[in-house]
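Structure at a glance
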Amino acid sequence: MKAKAAGFTVGKTNSTLPKSPTGIQGLDEITGGGLPKGRPTLIAGAAGCGKTLLGMEFLVRGATEFGEPGVFMAFEETGKELVANVRSLGFDLNKLVAQKKIALDHVRVERSEIEETGEYDLEGLFIRLEHAVKSVGAKRVVLDTVETLFAGLPNQLIIRAELRRLFAWLKERGLTAIITGERGGAEGTLTRHGLEEYVADCVIVLDHRVDEQMSTRRLRVVKYRGSMHGTNEYPFLIGEHGISVMPVTSMKLDHEVTSQRISSGIARLDEMLGGKGFYRGSSVLVSGSPGCGKTSVAAHFADATCRRGERCLMFAYEESPSQVLRNMRSIGIDLEQWVRKGLLQIHATRPTLYGLEMHLVTMHDLVVKFRPTVVIVDPISNLTVRNDETELKPTLMRLIDSLKTRHVTALFTSLTTGGSSLEESQVGVSSLMDTWLLLRNMENNGEKTRTFYILKSRGMAHSNQVREFVMTGKGVDLLDVYVGANAVLTGTARVAQEGRERAEAALRQREHTRKLRQLSRKRKAIEAQIAALQADVEAEEDEIKSSVSEDSLQQKAVAADRRQMTQLRGGAR
């Protein structure tokens, strides 16, 4: 299977220049497809930087992955030594030799013989190399190292002439060749003789440096005729599966994005992020002072990822895997179940184990191997073991760029110090992040409490409110803080203030009830008075009506008497 690395783009590969893929992870991306096909490439470097291993892996990958047999001609190590040396990388050279996919040849060059005869040419080497090429039908050749081949020649003119013959011979036969050379020439040259870099079509320099007791291997493509290529220095790692190169970064910000959202594992935090959580493939920074709960937030995210059936890769630089699992159980998060199911992998190392670039390459290799959807680094600030904070930002940029290309969501925790601004992460990488969460420790009334808020979250509506961060036996919870006229209260101060407010509310409620009862009594008294007055009015009305009725009866009686008297008087008359 062809190796493939993500996170680097050099533009469109020049279709007019055929290339032979190396199969070395990352190197094909840097060179835009591989080494120039049918042309010689010079690999220069000091002792111990990996020249021989790079050449051998070029042959092995070509024979096993691309159907191109090869010849390895060594001038220092014997065939048995080569077989033993590359076995640790998983390469079985004896099997490949038996299958006629690779030919190994050791050529011993004696300086004394050259000094005795006074003559030297490469005709014998060409005959021997031609036989080895035909024996396996080789398409690739590695010569290791060219300095040994010319070690007994003091005449620079002969060396230059023979080097030109060697490179021309390889080109005439269309062999894709790697020639290794040692550093140590005059100032301004890459090799001892200073000619190879001018004759070769492609020149790659390997460097093994030690800075403040930290070892780092780096690779740089010095020139590549007829092709675009990456020109920066790239860290590379010699691991159990061969060489892997970590490209620095994409030349273009052209990675695809998605609108899909994934849960943070904390319900209240998802609500603060518009109710949906983080964007998939985004980068998240959780910063705060020691002991504020950064790892707990990361653990919730890991737990939520595994509950969805997705893989999570966690890099821990402060605690061992067993310590992480134990500590998270104390807040009700069982991560061990996901480790057993193969959904969670915790990679714990000391930051001082190797240099920053090697940490980067290790992360990249594990991501390629484990293929997670979420990566957690806890904490990135511990990687600044040599106070090289200025180096961490570009290194982290490479990692984030590679993860975004793979649509992997990354969560980083970072330590902030008490003397720095609360809105500045210790390592100054916040500008690279899509979402930035800040945890703060607060001291008030002899008590330490934690607060939480979102400083930024690109592309989504998010809350600007401060929440109290509480760790319980059931995980992390975010509570509303008390915002008063003069202060923001958390912890017991918040509880006490809320208690006082509840008591005051109860007193006000009782006072309202008392006033309502008093009003009710007044209303009843007034209603009683109204009823009494109404009764008086009705009694007076009855009395008046009775008086009127009596008057009417009297008037009627008087009228009747008058009529009767009139009648009586008339009868008498």
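Details of helix 3 (residues 79-86)
The complete set of buried residues in helix 3 reads Leu82, Val83 and Val86. Buried residues of helix 3, viewed axially, fall in a sector of 100°; they line one side. As for helix 3, its buried residues are in contact with helix 2 (51-65), strand 4 (70-74), helix 4 (93-98) and strand 5 (102-106).

Overview of the nonpolar core
Residues Leu269, Phe278, Leu335, Ile376, Leu437 and Phe452 are the most contacted members of the largest nonpolar core, which totals 40 residues. Take this core: its biggest share by element is six residues, from helix 11 (residues 294-307). Discounting chain neighbours no more than four positions away, the residues touching Phe278 are Gln260, Arg261, Ile262, Ser264, Leu269, Leu273, Val284, Phe301, Thr435, Leu437 and Met460. If you look at the next biggest cluster of nonpolar residues, it comprises 35 residues, including Leu89, Val142, Leu219 and Phe236.

Topic: the packing of aromatic side chains
Counting across every chain of the model gives three aromatic pairs. Ring plane angle 80° and centroid distance 5.4 Å describe the contact between Phe278 and Phe301, whose orientation is recorded as edge-to-face. Of this pair, Phe278 sits in strand 13 (residues 278-279) while Phe301 sits in helix 11; the two residues are 23 residues apart in sequence, bridging distant segments of the chain. No difference in accessibility class separates Phe278 from Phe301, as the two residues are buried. Ring centres 6.3 Å apart and planes at 25° place the aromatic pair Phe452 and Phe469 in the stacked group. Linking Phe452 in strand 20 (residues 447-457) with Phe469 in strand 21 (residues 467-472), this pair joins segments that are 17 residues apart in sequence.

So, helix 11
Relative to the 20 Å expected for 14 residues at 1.5 Å per residue, helix 11 spans 20 Å between its end C-alpha atoms, a close match to the ideal helical length. In terms of residue burial, helix 11 counts as a mostly covered element, since 13 of its 14 residues are buried. Note on helix 11: the residue one or two positions beyond its end, Gly309, has a positive phi of about 85°.

Points about the sheet that holds strand 19 (residues 435-444)
Strand order in this open sheet of nine strands is 16-15-17-18-14-19-20-21-22, and the pairing throughout is mixed. Of all the strands in the sheet, the pair left with one neighbour each is strand 16 (344-348) and strand 22 (475-480). Taken over all neighbouring pairs, the strand axes of this sheet differ in orientation by 25° on average, direction set aside. Taken together, the six bridges between strand 21 and strand 22 define a ladder with antiparallel strand orientation. Opposite Arg467, over in strand 22, you have Asp480 as the bridge partner. Contacts between helix 11 and the sheet are confined to strand 14 (283-288), strand 15 (312-316), strand 16, strand 17 (374-378), strand 18 (409-415), strand 19, strand 21 and strand 22, with strand 18 contributing the most and set at about 165° to the helix. Of the strands in this sheet, strand 15, strand 16 and strand 17 touch helix 14 (residues 356-370), which is tilted by about 160° from strand 15.

With respect to the confidence of the model for the chain
When pLDDT is averaged along the chain, the result is 81, and 82% of the positions lie at 70 or above. Across residues 113-118 the pLDDT falls below 50, and counting only partners more than four positions away or on other chains, this stretch makes five contacts in the model.

Side note on the pairing of strand 17
Extensive coverage of strand 17 is indicated by the burial of five of its five residues. Across the two faces of strand 17 the burial is the same, with Val374, Ile376 and Asp378 and Val375 and Val377 all buried. Looking at chain direction, strand 15 and strand 17 are connected through five bridges and run parallel. Within strand 17, the position partnered with Met314 by the bridge is Ile376. In terms of strand pairing, strand 17 meets strand 18 through four bridges, oriented parallel.

Examining the environment of Val210
Within the secondary structure, Val210 sits in strand 8 (residues 202-211). Between the C-alpha atoms of Val210 and Gly355, which are 145 residues apart in sequence, the distance is 9.0 Å.

How each quantity is defined
Residues numbered from 1 in each chain as written. Predicted model: local features only at pLDDT ≥ 70, side-chain atom pairs only at ≥ 80, totals over all residues. Heavy atoms only, no water. Buried < 20%, exposed > 50% of the residue type's maximum accessible area, 1.4 Å probe, protein only. Helix = DSSP H or I, 4+ residues; strand = E, 2+ residues; numbered from the N terminus. Arc of directions from axis to C-beta. Contact = heavy atoms within 4.5 Å. Core = buried A, V, L, I, M, F, W, Y, C linked by side-chain atoms within 4.5 Å. Phe/Tyr/Trp six-rings, centres within 6.5 Å; stacked < 30°, edge-to-face > 60°. Expected span 1.5 Å × (residues − 1). Pairing = 2+ DSSP bridges. Axes fitted to C-alpha atoms, helices over the stretch in contact; angles between N-to-C directions. pLDDT = per-residue confidence, 0-100.

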